[in-house]
Every structure is written in C-alpha cells, then in structure tokens.
Amino acid sequence: MSARSKARKQTLDLLYEADIRSTSAADLLALRDVIEEGPDARPIREFTKLLIAGVTENKRKIDELISTYAQGWDMDRLPAVDRNILRLGIYEIVWSADLDDGIAIDEALTLARELSTDESAGYIHGVLGRISSIKDSIAI
C-alpha cells in the first residue's frame, strides 16, 4: 500500500469517526494531532491533513453532490462508511486538479471493497463515475 493510499485510509477513518460522533473531522484531526505523540504514536500524515482540510472546507457542496447523484438514497440512509468514501472520492475528483479521476475512483473502490460490500463498491463506482463525467460543469 502506497503512502498516499495509507493517508486516504487514515482520512477515511477520521471522516467516519467524525460522522459517527457528529463532530467535525477537522476538530477530531486537531485533537488527534496533539494526542498522537510518544513512542507508540502513529503520526497523522501530511496528506491526510490536506485531505481532511479539503473535505471539511467543501463538505456542504460535497454532500449536495451526493444528495443529487446518489440516486435512490438519502444521505442519512447511506451507510456511514460509504458516505465518507464518497466524500473523499468526490473531493479528490472535483478539487484535486493534480490527480487523475481514475486514480481517485480506484482508490475509493479499494477502500469500499476492504471496508464495505461489493454492492457498495459498485454503487460508489457509479456515483463517482457520474461526478467525474460532469465535474467541468459543477459550480464550485
């Protein structure tokens, strides 16, 4: 697993926990960044910090896109892990100009296969593919 893939997994862990706790991922990250010191610490990766900042800053628009393109699903009905994989994937597709959409989608699908279901991976693929195909027309 590449360093960036590990950072995406760490990002997803923080997004998921923040979602479950109804708190901000940025606040949770700030808390973890202080606590994660000492000999047994697993430091927060810089790329994780960048992803959390981007998802947090654009969360309202990201959630609007999920609500619009996750056909047949309300945000609240989506499994939390799937909702947060979509948030991360959409952030990377729409706001990360230096990353190919295919890589963002593949990374999201890897997380979905590892942490959710095959059905969820297919659904996530469909939503992210749609977002990728229209991203130039999305007002951000």
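This text follows the structure it describes.
For clarity, every value in this text was computed on a predicted model and none was experimentally measured.

Turning to the packing of aromatic side chains, a few remarks are in order. Tallying each qualifying case throughout the model produces one aromatic pair. Here Tyr-91 and Trp-95 contribute two aromatic rings whose centre-to-centre distance is 6.1 Å and whose plane-to-plane angle is 10°, an arrangement assigned as stacked. Highlighted residues: Tyr-91 and Trp-95, both in helix α5 (residues 80-95), separated by four residues, approximately one helical turn. A relative accessible area of 9% places Tyr-91 in the buried class.

This part is about the pattern of salt bridges. A side chain of one charge can pair with a side chain of the opposite charge if their charged atoms are brought near each other. With the rule as written, the count across this model stands at 10 salt bridges. The partner of Glu-46 in a salt bridge is Lys-49, and the shortest N-O contact between them spans 3.2 Å. Taken together, the residues span about one helical turn, with Glu-46 and Lys-49 both in helix α3 (residues 46-57) at a distance of three residues. On the basis of relative accessibility, which here comes to 57%, the residue Glu-46 falls in the exposed class. Here Glu-64 makes a salt bridge to Lys-61, at a shortest N to O gap of 3.1 Å. Linking Glu-64 with Lys-61, this pair stays in helix α4 (residues 59-69), spanning three residues, or about one helical turn.

Cut-offs applied
Residues numbered from 1 in each chain as written. Predicted model: local features only at pLDDT ≥ 70, side-chain atom pairs only at ≥ 80, totals over all residues. Heavy atoms only, no water. Phe/Tyr/Trp six-rings, centres within 6.5 Å; stacked < 30°, edge-to-face > 60°. Helix = DSSP H or I, 4+ residues; strand = E, 2+ residues; numbered from the N terminus. Buried < 20%, exposed > 50% of the residue type's maximum accessible area, 1.4 Å probe, protein only. Salt bridge = Lys/Arg side-chain N within 4 Å of Asp/Glu carboxyl O.

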